[in-house]
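Structure at a glance
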Amino acid sequence: GDSDGFRHYIKISGRDLRGVSQYVPQYMYAREIRLLFQMGTSTDVLVRSKDFLVSGYRNRLLDVAAAFARRWKEDIESTSMDSSGKEILERQEELKRERLREEAEVEAWALASCWDVKCASEHYF
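This text gives an overview of the structure that appears in the document. (Residues numbered from 1 in each chain as written. Predicted model: local features only at pLDDT ≥ 70, side-chain atom pairs only at ≥ 80, totals over all residues. Heavy atoms only, no water.)

Thoughts on the packing of helix 3 (residues 24-39) against helix 4 (residues 42-77)
- Taken N-terminus to C-terminus, the directions of helix 3 and helix 4 make an angle of 165 degrees; their axes are 9 Å apart at the nearest point. Accordingly, the angle class assigned to the pair helix 3 and helix 4 is roughly antiparallel. Seen from above, helix 3 lies across helix 4 with left-handed handedness. Residues Pro 25, Gln 26, Tyr 29, Glu 32, Ile 33, Leu 36 and Phe 37 of helix 3 form the contact with helix 4, whose participating residues are Asp 44, Val 45, Arg 48, Ser 49 and Phe 52. (Axes fitted to C-alpha atoms, helices over the stretch in contact; angles between N-to-C directions. Helix = DSSP H or I, 4+ residues; strand = E, 2+ residues; numbered from the N terminus. Parallel < 35°, antiparallel > 145°, perpendicular 65-115°, else oblique. Left-handed = near helix turned anticlockwise from the far one by under 90°. Contact = heavy atoms within 4.5 Å.)

So, in structure tokens, the structure goes:
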């Protein structure tokens, strides 16, 4: 990870670290992996990477589901009586397509991350 960049970002954040908190797990993972690479423990690198990626994958899917539920409630459940059935069905389909697209983005992130671990491992070892 870019430890100098991360430290600079923390410094400019001042006392309010809420904006930085979302980056802490990734930063800690990157630092831990770097240390494991330096120690030459390739199995530990892969185990830790798997755990981090599975956790990140699950959390991102949960975020997608929560956003979908929120948009559904805002757009469908709060629809006025003046809306036609066709309009409601079209919006439902649009929301479902958005959710599928977002889930596909999570899948792409997971695959790209696995590939990054593979490439880093090949480069290091």
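Looking at the nonpolar core
- By size, the foremost hydrophobic cluster in this structure holds 8 residues: Tyr 29, Ile 33, Leu 36, Phe 37, Val 45, Phe 52, Leu 53 and Val 117.
- Sorting the residues of this core by element identifies helix 3 and helix 4 as the ones contributing at least two each.
- Here the element with the most residues in this core is helix 3; it accounts for 4 residues.
- Apart from the residues within four sequence positions on either side, Tyr 29 is in contact with Arg 48, Ser 49, Phe 52 and Val 117. (Core = buried A, V, L, I, M, F, W, Y, C linked by side-chain atoms within 4.5 Å. Buried < 20%, exposed > 50% of the residue type's maximum accessible area, 1.4 Å probe, protein only.)

Overview of the state of the cysteines
- Tallied over the full model, the rule gives 0 disulfides.
- With no disulfide of its own, Cys 114 lies closest to Cys 119 among cysteine sulfurs, the gap being 11 Å.
- Judged by its relative accessible area of 30%, Cys 119 falls in the partly exposed class. (Disulfide = S-S within 2.5 Å.)

Quick notes on the environment of Arg 58
- Note that Arg 58 resides in helix 4.
- C-alpha of Arg 58 to C-alpha of Val 106: the two residues are 48 residues apart in sequence and 9.2 Å apart in space.

Considering a nonpolar patch on the surface
- Taken together, Tyr 9, Ile 12 and Tyr 23 make up a surface patch of nonpolar side chains, about 300 Å² in accessible area.
- Mapped onto the elements of the fold, Ile 12 is located in helix 1 (residues 3-13).
- The class of Ile 12 is exposed, set by a relative accessible area of 56%. (Patch = residues over 30% accessible without salt bridge, like charges linked within 9 Å, V, L, I, M, F, W, Y side chains within 5 Å. Areas by Shrake-Rupley, 256 points an atom, 1.4 Å probe, with all protein chains shown as cover. Salt bridge = Lys/Arg side-chain N within 4 Å of Asp/Glu carboxyl O.)

Functional significance is not addressed by these values, which are geometric in nature.
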